[in-house]
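The lines below spell out each chain.
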Amino acid sequence: MEAPEDTKENILKNGDDTEQQKQMDKNTLAAVLQFLQKNNLKETAALLKKEADVKEKDIQHNEASNNQDVSSVLSAYNNESDPTFYHEHYNNLMQFIEDSLDVQKSELSQMLYPVFVHMYLELVYNDHENQAKHFFDEYSKEQEEYHQEDLTKLSVVTKKDHMTKNELMVCFRTSKYVIRLSRDSYQSLRRYLKDKQNSTVLTILEDHLYVDVFDGMPRNKEQISAKAGGMVGEARRDANKSKVYFGLLKEPDINLQLDDEEESGEGDDKPKKKKPKKDSLSSKKNKPDPNAPPNTRVPLPELKDSDKLARAIALRESLKRIRLAADSLPSICFYSFLNAYDGLISTDISDDSSMMACGFADSCVRVWSVTPKKLRNMKAAKQLDAIDKEAEDVLERIMDERTASEYKTMLGHSGPVYSTCFSPDKSFVLSSSEDGTVRLWSTYTYTNLVCYKGHNYPVWDSCFGPYGHYFASAGADRMARLWATEYHQPLRLFSGHFSDVDSVRFHPNSNYVVTGSSDRTIRLWDVTDGKCVRILTGHKGSILSLAFSPDGHYLASAGTDNKVLLWEMRHGYLLGELKGHTDSVYSVSFSRDGNILASGGADYSVKLWDAQKVFKDSSFDDLAGAQPSVISGTDELLLGSYPTKTTSVHHVHFTRRNLLLAAGPYTATS
């Protein structure tokens, strides 16, 4: 698709330059110059200084300012108290919580983990190494299981110098740990700390914690556990107040008349029957969604005739879709990869379910045809000149039958390929790798078109937007990026996660990008300004897979905590918790009608869930901002579990007619 002329101007528009922006640019230049000098690139640094008119004193001032900022933050841990008091104060806090009212006990227990962490850091900062080690060994095992991975990273911080270099310390330096307490519980805690003169805990509460106080009854253990798990606590309530346009864009009119012979059925090789009657597809129009964004909010490419034809075919296919329900489950077709257990990493299936792209550990990308039709390369340039470009079957004429094969191999990455994704029209394949790049491949020539460089570390995931043109990437640099295919620089940087961003997906209306991270949070980003408009907490492990419902109202997420969670997008509420998997969940997908959710993972099984029941049973319109009860229960919501022999499930995908496709590598057992 060709991009509109005003794409870059609209997407990159940030308003007039302010003094703050100029200062940020100055700091960025100084940081780049420091990097060049550190790596002994003196000539490049001198040239940049000359062009940018940056003086040496500016660089030194910037470096001193950064060091001062870090030192000032860490100085909050300065405490001359007797190190033996920390054991006493922490034990007293534990005893106070144990003696509290039963209704408040679960809420107050949230204090234990952040207080433990900051007490340990105070001991380390004040050079009480032995006492810090003893304190850590005694109380670290008392913390929740989902914090143990973070505590393992924290355990290597044993000296004051380590505090400026440890990755986990960035979280505690830049953000306060968020705890949500009822007003009664909070007042009870404050009274205890003042009456007992527990200055250590009181100082930690004021300097390092953010207590989000609400009016009403204290939450019970189940309610707290449902939203717990984030690396820096729960999301603040004001973080999910922004308006989100979660509806679908109005579909453009497609005034095409389509014969049955023009349909491209998904793997259907039966002879087509001609019908004299031609149905106009313009009559199939969706009703305007009141929650949809304006069509001009994000500039999208105009539809070409080939795009309109593809949409017309997709619409005709959808008319033959089987409606799924608890008493009408889909058939499942599973693709097993033999002799590829250590090699296959990622899998994706095109929207029309005719092609499959896989990324491998040996840095190659392979594309298969999953229909009888073989893959072909485009003819050479000299042969293309002789083709009549006005012919109706020009797309067939440009392909070289001599190159037909069941699969194609594409080489270019220099590390394992962690994700693959087809464009909506399957003209392109996107791949991301350990080498820190995202590559765009053509499915006409099966060659690399563009190499996008922006991430500094491995890129874990990438995906196309629902209208093509835009795509997103996520990586180990704790950032996600928004790109347009014709620009080699990202249009947006989504920064806010505290650990690797493991998964990324577009909202069906292309106005938002959702990311899942190893910091155990999900964030929804507005592509127009790059701001985070939703923060969702509840997972107890890294989030490996995300999927929006077809109507854009709901989100499914899954990861290493073996659970699938269902969210609604209007308020960011957690609606359902689906338990049944016994190992990490690698992929989730909604059926085309949104009624059924499929999931698959490392426990060698595909599971089907009644998503529609969760959505119908959740009533959250009259809760005045309160989190509704989370629906769970394996017996009621699990519609079917289909084990493989020993094949982990890397990808699940519903075809346009609601046939479920799944794929994964077979593991040979001795």
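It should be emphasised that the depicted structure is a prediction, and the values quoted were computed from it without experimental measurement.

1. Quick word on the overall build of the protein
Line of reasoning, step 1. Assigned secondary structure in the protein consists of 18 helices and 34 strands.
Line of reasoning, step 2. Within the span of the protein, comprising 670 residues, buried residues form 50% of the whole.
Line of reasoning, step 3. A separation threshold of at least 6 residues defines the contact pool for the protein, and within that pool the share at least 24 residues apart is 62%.
Line of reasoning, step 4. Carbon and sulfur atoms form 47% of the exposed surface of the protein, whose accessible area is close to 33,100 Å².

2. Observations regarding the sheet that holds strand 16 (residues 459-464)
Two strands in a sheet stick together by hydrogen bonds in their backbones, pointing the same way (parallel) or opposite ways (antiparallel).
Line of reasoning, step 1. Ordered by their spatial adjacency, four strands build an open sheet running 16-17-18-19, and the pairing between neighbours is antiparallel. Whereas interior strands pair on both sides, the edge strands pair on one side only; in this sheet they are strand 16 and strand 19 (492-495). Across this sheet, the average inter-strand angle for adjacent strands is 20°, counted without regard to direction.
Line of reasoning, step 2. Direction of pairing for strand 16 relative to strand 17 (residues 470-475): antiparallel, over a ladder of five bridges. Looking at strand 17, one finds that Ser462 is bridged to Ser473.

3. Side note on helix 12 (residues 199-208)
A turn of α-helix holds 3.6 residues, and therefore any two residues three or four places apart point the same way.
Line of reasoning, step 1. Within helix 12, the full set of buried residues consists of Thr200, Val201, Leu202, Ile204, Leu205 and His208.
Line of reasoning, step 2. Residues of helix 12 that are buried in the fold lie against helix 5 (85-99), helix 7 (112-125), strand 1 (177-182), helix 11 (183-195) and strand 2 (209-214).

4. Considerations on the packing of aromatic side chains
Line of reasoning, step 1. Summed over the entire model, instances satisfying the criterion amount to 20 aromatic pairs.
Line of reasoning, step 2. The ring of Tyr125 carries the charged tip of Lys160 above its face, separated from the ring centre by 4.4 Å.
Line of reasoning, step 3. Over the aromatic face of Tyr146 sits the side chain of Lys540, whose NZ or CZ is 5.8 Å from the ring centroid.

5. Here's the deal with the side chain of Ser549
Line of reasoning, step 1. Its place among the elements puts Ser549 in the loop between strand 24 (543-548) and strand 25 (554-559).
Line of reasoning, step 2. Judged by relative accessible area, which is 3%, Ser549 ranks as buried.
Line of reasoning, step 3. Only 2.6 Å separates the side chain of Ser549 from the side chain of Asp551, close enough to count as a polar contact.
Line of reasoning, step 4. Non-local contacts of Ser549, meaning those with residues more than four positions away in its chain, are made with Pro508, Tyr554 and Phe590.

6. With respect to the environment of Ile631
Line of reasoning, step 1. Tracing the sequence through the fold places Ile631 in strand 31 (residues 631-632).
Line of reasoning, step 2. Ile631 gets classed as buried once you look at its relative accessible area, which sits at 18%.
Line of reasoning, step 3. Between the alpha carbons of Ile631 and Leu575 there is a distance of 6.1 Å; along the sequence they are 56 residues apart.
Line of reasoning, step 4. Among residues more than four places away in sequence, those in contact with Ile631 are Leu575, Gly576, Glu577, Val614, Asp617, Ser618 and Leu637.

7. Quick look at a nonpolar patch on the surface
Line of reasoning, step 1. There is a patch of nonpolar side chains on the surface, built from Leu101, Val103 and Met217 and spanning about 320 Å² of accessible area.
Line of reasoning, step 2. Residue placement: Leu101 occurs in the loop between helix 5 and helix 6 (102-108).

8. So, helix 10 (residues 167-174)
Line of reasoning, step 1. For helix 10, the complete set of buried residues consists of Leu168, Met169, Cys171 and Phe172. Looking straight down helix 10, one finds its buried side chains confined to an arc of 150°; they lie on one side.

9. Here's the deal with the pattern of salt bridges
Line of reasoning, step 1. Inspection of the entire model under this criterion finds 23 salt bridges.
Line of reasoning, step 2. It is possible to trace a salt-bridge network through shared partners that takes in Lys373, Arg376, Glu396 and Glu401.

10. Some thoughts on the pairing of strand 2
Line of reasoning, step 1. Burial analysis of strand 2 places five of its six residues in the buried class, the great majority of the element.
Line of reasoning, step 2. Here strand 1 pairs with strand 2 via six bridges, running parallel. Across the sheet, Val178 pairs through a bridge with Tyr210, a residue of strand 2.

11. Details of the side chain of Ser182
Line of reasoning, step 1. Structurally, Ser182 can be placed in strand 1.
Line of reasoning, step 2. A residue is classified by how much of its surface remains accessible, and Ser182, at 0% relative accessible area, is buried.
Line of reasoning, step 3. Ignoring sequence-local partners within four residues, the contact set of Ser182 consists of Glu107, Val213, Phe214, Gly216, Met217 and Pro218.

12. Let's talk about unusual backbone geometry
With glycine set apart, most residues show a phi of negative sign, and most peptide bonds adopt trans.
Line of reasoning, step 1. For Tyr446, which is not a glycine, the phi torsion comes out positive at approximately 55°.
Line of reasoning, step 2. Relative to the elements of secondary structure, Tyr446 occurs in the loop between strand 14 (437-442) and strand 15 (448-453).
Line of reasoning, step 3. In this structure Tyr446 comes out as buried when scored by relative accessible area, which is 8%.
Line of reasoning, step 4. One non-glycine residue, His469, lies in the positive phi region at around 70°.

13. Focus on the nonpolar core
Line of reasoning, step 1. Membership of the largest hydrophobic core comes to 46 residues, with the highest contact counts inside it found for Leu93, Leu121, Phe135, Leu154 and Leu189.
Line of reasoning, step 2. Counting residues per element, this core draws most heavily on helix 7, at eleven residues.
Line of reasoning, step 3. If sequence neighbours within four positions are ignored, Leu154 has contacts with Val117, Tyr120, Leu121, Leu168 and Phe172.
Line of reasoning, step 4. By size, the runner-up hydrophobic cluster in this structure holds 25 residues, among which are Val459, Tyr470, Phe471 and Trp525.

14. Digging into the sheet that holds strand 34 (residues 660-665)
Line of reasoning, step 1. With mixed pairing, three strands are arranged side by side in an open sheet as 5-34-33. Looking at the sheet topology across the chains shown, the edges are occupied by strand 5 (332-337) and strand 33 (651-654). Averaged over all pairs of adjacent strands, the angle between strand axes in this sheet comes to 15°, irrespective of strand direction.

15. Re the environment of Ala226
Line of reasoning, step 1. If you trace the backbone, Ala226 turns up in helix 13 (residues 221-227).
Line of reasoning, step 2. Judged by relative accessible area, which is 10%, Ala226 ranks as buried.
Line of reasoning, step 3. For Ala226 and Gly576, which are 350 residues apart along the polypeptide, the C-alpha to C-alpha distance reads 9.6 Å.

16. A look at the packing of helix 7 against helix 12
Line of reasoning, step 1. Closest axis-to-axis distance for the helix 7/helix 12 pair is 10 Å, and the angle between their directions is 105°. One element, helix 7, and the other, helix 12, form an angle in the roughly perpendicular class. Across from Val115, His118, Met119 and Glu122 in helix 7, the residues of helix 12 making contact are Thr200, Val201, Ile204 and His208.
Line of reasoning, step 2. The residue inventory of the contact of helix 7 with helix 12, partitioned by class, reads four nonpolar, three polar and one charged.

17. Side note on the environment of Asp137
Line of reasoning, step 1. In this structure, Asp137 sits in helix 8 (residues 129-139).
Line of reasoning, step 2. Owing to a relative accessible area of 41%, Asp137 belongs among the partly exposed residues under this scheme.
Line of reasoning, step 3. Sequence separation between Asp137 and Ser155 is 18 residues; the distance between their C-alpha atoms is 9.3 Å.

The rules behind each value
- Within each chain, residue numbers correspond to sequence positions counted from 1 in written order.
- Reporting in this predicted model follows two pLDDT cut-offs: at least 70 for local features of residues, and 80 or more for side-chain atom pairs to be given and counted; totals over whole chains, interfaces and linings ignore these cut-offs and use all residues.
- Values shown for side chains rest on all heavy atoms present in the structure; no hydrogens or waters enter the calculation.
- Numbering of helices and strands runs from the N terminus; a helix is a DSSP stretch of H or I covering at least four residues, while a strand is a stretch of E covering at least two.
- Burial classes follow relative accessibility: with a 1.4 Å probe on protein chains only, a residue under 20% of its type's maximum area counts as buried, one over 50% as exposed, and anything between as partly exposed.
- Residues count as neighbours in contact if any of their non-hydrogen atoms are within 4.5 Å of one another.
- Working definition of accessibility: Shrake-Rupley area with a 1.4 Å probe, residue cover restricted to the visible protein chains.
- Here, strands pair whenever DSSP counts at least two bridges between them.
- Every angle, taken between N-to-C directions, lies between 0 and 180 degrees, and every axis is a line fitted to C-alpha atoms, over only the stretch in contact when it is a helix.
- Aromatic pairing here means that ring centres of Phe, Tyr or Trp (its six-membered ring) are within 6.5 Å. Orientation follows from the plane angle: under 30 degrees is stacked, over 60 is edge-to-face, and everything else is tilted.
- By definition, being over a ring means that NZ of Lys or CZ of Arg is both within 6 Å of the ring centre and within 35 degrees of the ring normal.
- In protein, a polar contact requires one atom able to donate a hydrogen and another able to accept it; more generally it is a pair of N or O atoms within 3.5 Å, and residues adjacent in sequence count only if both atoms are side-chain atoms.
- A patch consists of residues exposed above 30% relative accessible area that lack any salt bridge, with like charges linked at up to 9 Å and nonpolar side chains (Val, Leu, Ile, Met, Phe, Trp, Tyr) linked at up to 5 Å.
- Note on definitions: salt bridges are taken to be side-chain nitrogens of Lys or Arg within 4 Å of carboxyl oxygens of Asp or Glu.
- Here the arc refers to the directions that run from the helix axis out to each C-beta atom.
- We call a set of buried residues a nonpolar core when its members are Ala, Val, Leu, Ile, Met, Phe, Trp, Tyr or Cys and they connect through side-chain atoms within 4.5 Å of each other.
- For classification purposes, an angle smaller than 35 degrees is called roughly parallel, one larger than 145 roughly antiparallel, one from 65 to 115 roughly perpendicular, and anything else oblique.
- Amino acids are sorted into nonpolar (Ala, Val, Leu, Ile, Met, Phe, Trp, Tyr, Cys and Pro), charged (Asp, Glu, Lys and Arg) and polar (every other residue, Gly among them).

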